[in-house]
Amino acid sequence: METWEALTSRRNVRTYTDEPLAKADLDRILEAGRRAPSASNWQPWDFVLVTDRETLRELSGVWQGAGHIAGSAATIVLVAPVQDDPAQRDRMRLDIGQATMAMMLAAADLGIGSGHAAVSDQQRARELLGIPGDRICALLIALGRPAGRPLRPVKRPDRRPFDEVVHVGRW
């Protein structure tokens, strides 16, 4: 897939086939996250790749909107250091967002669907994955082959009109 095709094909996928994902594809997606832009090259992330079916089922309970995690072929858990300083926390969130989008685009490039989810039950996530107490589970990215319809460019995205969003020169 070309970059533009990956950008226009990517959508949140929450229903997946039972097809496993190749290790090389998962490694490529993780490498995209590792290479993501980071403020001052801080790279505050660690990634936990989960493919065990029972762990995925358990992990789907850490957020009310994470049910799709249970049916994914794999889920990447983005882990970041606990930040008390608001400025550092903002930088970390930006970096995590960059890594997230890089991995979701890399997945789309491979025809792999992705869907993100938050984590509200930090303690449960830490217990399931052995994550130290000085870290948080910042985000989950479920991955799998889309059930129903493959990824392809979305001709009419559900987005605000271009002219409403883009302001040239000033507001």
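It should be emphasised that the depicted structure is a prediction, and the values quoted were computed from it without experimental measurement.

### So, the layout of surface pockets
Okay, so step 1: Of the volumes computed, that of the largest pocket is approximately 370 Å³.
Okay, so step 2: Taken together, 13 residues form the lining of the largest pocket, with T8, R10, V154, P157 and R159 sitting closest to its centre.
Okay, so step 3: Those elements giving two or more residues to the lining of the largest pocket turn out to be α1 (3-9) and α4 (86-109).
Okay, so step 4: Counting residues per element, the lining of the largest pocket draws most heavily on α1, which supplies 3 residues.
Okay, so step 5: One number sums up the size of the second largest pocket: a volume of about 180 Å³.
Okay, so step 6: What lines the second largest pocket is a set of 11 residues, and nearest its centre among them are A32, A102, L105, A106 and D109.
Okay, so step 7: Going through the elements one at a time, α1, α2 (23-34) and α4 are the ones with two or more residues in the lining of the second largest pocket.
Okay, so step 8: Element by element, the count of residues in the lining of the second largest pocket is highest for α4, at 4 residues.
Okay, so step 9: Class assignment for the residues of the lining of the second largest pocket results in 7 nonpolar, 1 polar and 3 charged.

### Details of the pattern of salt bridges
Here the idea is simple: oppositely charged side chains can pair when their charged atoms come close.
Okay, so step 1: For the coordinates displayed, the defined rule picks out 11 salt bridges.
Okay, so step 2: E19 is the partner of R145 in a salt bridge, and the nearest nitrogen-oxygen pair spans 3.6 Å. One end of the pair, R145, is in the loop between β4 (135-144) and α6 (162-165); the other, E19, is in the loop between α1 and α2, and 126 residues separate them in sequence.
Okay, so step 3: According to the relative accessible area criterion, R145 is buried, its value standing at 19%.
Okay, so step 4: E19 gets classed as partly exposed once you look at its relative accessible area, which sits at 41%.

### Overview of the UniProt feature "domain: Nitroreductase" (unreviewed entry) in the protein chain
Okay, so step 1: UniProt marks residues 8-60 and 69-144 with the feature "domain: Nitroreductase" (unreviewed entry), using the numbering shown here.
Okay, so step 2: Taken end to end, residues 8-60 is 40% helix and 9% strand, and its two terminal C-alpha atoms sit 27 Å from one another.
Okay, so step 3: Between the end C-alpha atoms of residues 69-144 the distance is 10 Å, and the span holds 42% helix and 30% strand.

Basis of the calculations
Counting starts from 1 at the beginning of each chain's written sequence and moves along it residue by residue. In keeping with the model being predicted, local features are shown solely for residues with a pLDDT of at least 70 and side-chain atom pairs are shown and tallied solely at 80 or more, while totals for entire chains, interfaces and linings include all residues. In computing side-chain values, all of the structure's heavy atoms are included and hydrogens and water are not. The definitions used throughout rest on a 1 Å grid laid over the protein atoms alone, on which a cavity is an enclosed set of points accommodating a 1.4 Å probe that cannot get out and a pocket is an open set flanked by protein within 12 Å on both sides along at least five of seven lines; lining residues are those having an atom within 4 Å of a point. Grid points are joined across faces, edges and corners, and a volume is the space filled by probe spheres set on the points. A run of H or I in DSSP counts as a helix once it spans at least four residues, and a run of E counts as a strand once it spans at least two, with each numbered from the N terminus. When residue character is reported, Ala, Val, Leu, Ile, Met, Phe, Trp, Tyr, Cys and Pro are called nonpolar, Asp, Glu, Lys and Arg charged, and the others, Gly included, polar. Should a side-chain nitrogen of Lys or Arg be within 4 Å of a carboxyl oxygen of Asp or Glu, the pair is scored as a salt bridge. A simple rule labels every residue: compare its accessible area, found with a 1.4 Å probe on the protein chains alone, to the largest value its type can have, and call it buried under 20%, exposed over 50%, or partly exposed in between. UniProt positions are given in the numbering used here, feature names are shortened, and annotations may be inferred rather than shown by experiment.

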